[in-house]
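Structural description and commentary
If you want the building blocks of each chain, they are given just below.
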Amino acid sequence: MYNDTIKVANKIISDSDLMDIFQKMNEEMLESKKISNQEILQNEKFEREYQNWTMKNFEASFKCTFNFYDDTTITVDNYNTFMPIFNTRLQEVKDMWVRYDFSYWIEHGRDFSKSVRQYINMNIYENKMDIEVNLSSEDDKMDDVFRLIKEKITNAPEKYDRLIKKKNAITNKVTFALGMIPSIIICTLLVFVPAVRYAYSMTFVLFPIATLILGFMIGTTFFERKIDNLYANITPPKKYAGYDSKNMKSIYKDDIDEYLNTSEIIIGKNINNLENRNKITELEKKYGKFIPKELLIILVLSIIVVILGKLI
């Protein structure tokens, strides 16, 4: 036998990853039961000394305890009961404990007899997943499930990715692009105010500076909260970093070490995290394209308003 404990750190484990693992467990259990039943039919024809068993007296179990945010708990002891809860109430799950267990005998006549018990335990929380494995070095019946688990963890995306590292830059890019749209319109309409038109005509830089400043203000005021809401559940926690005596307030900064030591499991409060990450990516991609066009429009309008100011 060999034991292993897997700690999952700085990974995003999706609900579909978990689904694939649980489906694989069920498939392997059904296949093993089928093999065991076949061996019963084959060996019942022979005396014990002529029997060959790879899975005698086979027993398997798949159990899960769901702990919900409403302080209720449900324990199920089969896959068919497990899946409806997993599919419909995953957003309510605070944590879940899965126990997957095989026990059987390997026998070859009267010469060899060995008891085998193998299990995989998964303790799944929103910010971590601990996996305890006890497998037989002489029998590989659980190896496929174990390999799939390791594959899912190895290939899972990092939690501390570009979206988190560049949060401020992404937020500024999106809010700036959104704020510039009404800012350009407002600053252009102000050309019809004589005093403003005259001020524009005095210097080429006044119109673009006014437009940029107003754009930042509008973006920050009206659109930054939307981005912050998308980031709310995926950013690092804060830790105390000292006291600012000048401004008389405590200073907090991102606790990156803590963030890197934990993971993001898509259950419970994390259920929308992947969707929010995708929305942030889409917003950056969409509105990032606006900025060069907006700057070009500002440049052209700057020339026009200066000319108009001098002509009118």
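Refer to the structure presented above.
Residue numbers restart at each chain and count upward from 1, following the sequence in its written direction. Residues qualify for local features only when their pLDDT is at least 70, as the model is predicted, and side-chain atom pairs are given and counted only at 80 or more; totals for whole chains, interfaces and linings, by contrast, use all residues. The side-chain quantities take in all heavy atoms of the structure and omit both hydrogens and water.

**A short note on the pattern of salt bridges**
Put simply, the rule is: We count a salt bridge whenever a side-chain nitrogen from Lys or Arg sits within 4 Å of a carboxyl oxygen from Asp or Glu. Secondary structure is summarised from DSSP: a helix means a run of H or I of at least four residues, a strand means a run of E of at least two, and numbering begins at the N terminus for each. Only protein chains enter the accessibility calculation, which uses a 1.4 Å probe. A residue is then buried if its area is under 20% of the maximum for its type, exposed if over 50%, and partly exposed in between.
This structure, assessed with the given rule, holds 17 salt bridges. One salt bridge in this structure joins Arg117 and Asp101, with 2.7 Å as the shortest N-O distance. One end of the pair, Arg117, is in strand E6 (residues 112–125); the other, Asp101, is in strand E5 (residues 93–108), and 16 residues separate them in sequence. Judged by its relative accessible area of 48%, Arg117 falls in the partly exposed class. Glu284 is the salt-bridge partner of Lys173, the closest N and O atoms lying 3.1 Å from each other. Taken as a pair, Lys173 in helix H5 (residues 167–189) and Glu284 in helix H10 (residues 273–288) lie far apart in primary sequence, 111 residues in all. Sharing partners across several salt bridges, the network here consists of Lys7, Lys128 and Asp130.

**A look at the nonpolar core**
In summary, soluble globular proteins display a tendency toward joint burial of nonpolar side chains. Note the following rule: As used here, the term nonpolar core means buried Ala, Val, Leu, Ile, Met, Phe, Trp, Tyr and Cys residues forming a set that is joined through side-chain atoms within 4.5 Å. A contact between two residues is defined here by any heavy atoms of the two lying within 4.5 Å.
Membership of the largest hydrophobic core comes to 46 residues, with the highest contact counts inside it found for Phe22, Met25, Phe82, Met96, Ile120, Met122 and Met129. Looking at this core, the elements with two or more residues in it are helix H1 (15–43), strand E3 (52–68), helix H2 (79–89), E5, E6, strand E7 (129–135) and helix H3 (143–155). Here this core gets seven residues from one element, more than from any other, and that element is E5. With near-sequence residues (within four places) excluded, Phe22 lies in contact with Phe62, Tyr79, Phe82, Phe86, Met96, Val98, Met122 and Ile124. In terms of nonpolar packing, the next biggest core, distinct from the first, is built from 27 residues, Leu163, Val174, Phe176 and Cys187 among them.

**Some words on the packing of aromatic side chains**
Under the convention used in this document: Pairing of aromatic rings covers Phe, Tyr and Trp, the last through its six-membered ring, and needs centres within 6.5 Å; plane angles under 30 degrees mean stacked, over 60 mean edge-to-face, and all others mean tilted. Two thresholds decide whether a charge sits over a ring: the Lys NZ or Arg CZ must be within 6 Å of the ring centre and within 35 degrees of the ring normal.
Summed over all chains, the structure comprises 16 aromatic pairs. Look at Tyr287 and Phe290: their rings are 5.1 Å apart centre to centre, the planes differ by 70 degrees, and that puts the pair in the edge-to-face class. A relative accessible area of 13% means that Tyr287 is categorised as buried. Geometry around Tyr125 places Lys128 over its ring, the cationic atom sitting 5.1 Å from the centre. Cation over ring: Lys167 sits above Tyr231, and NZ or CZ is 5.2 Å from the ring centre.

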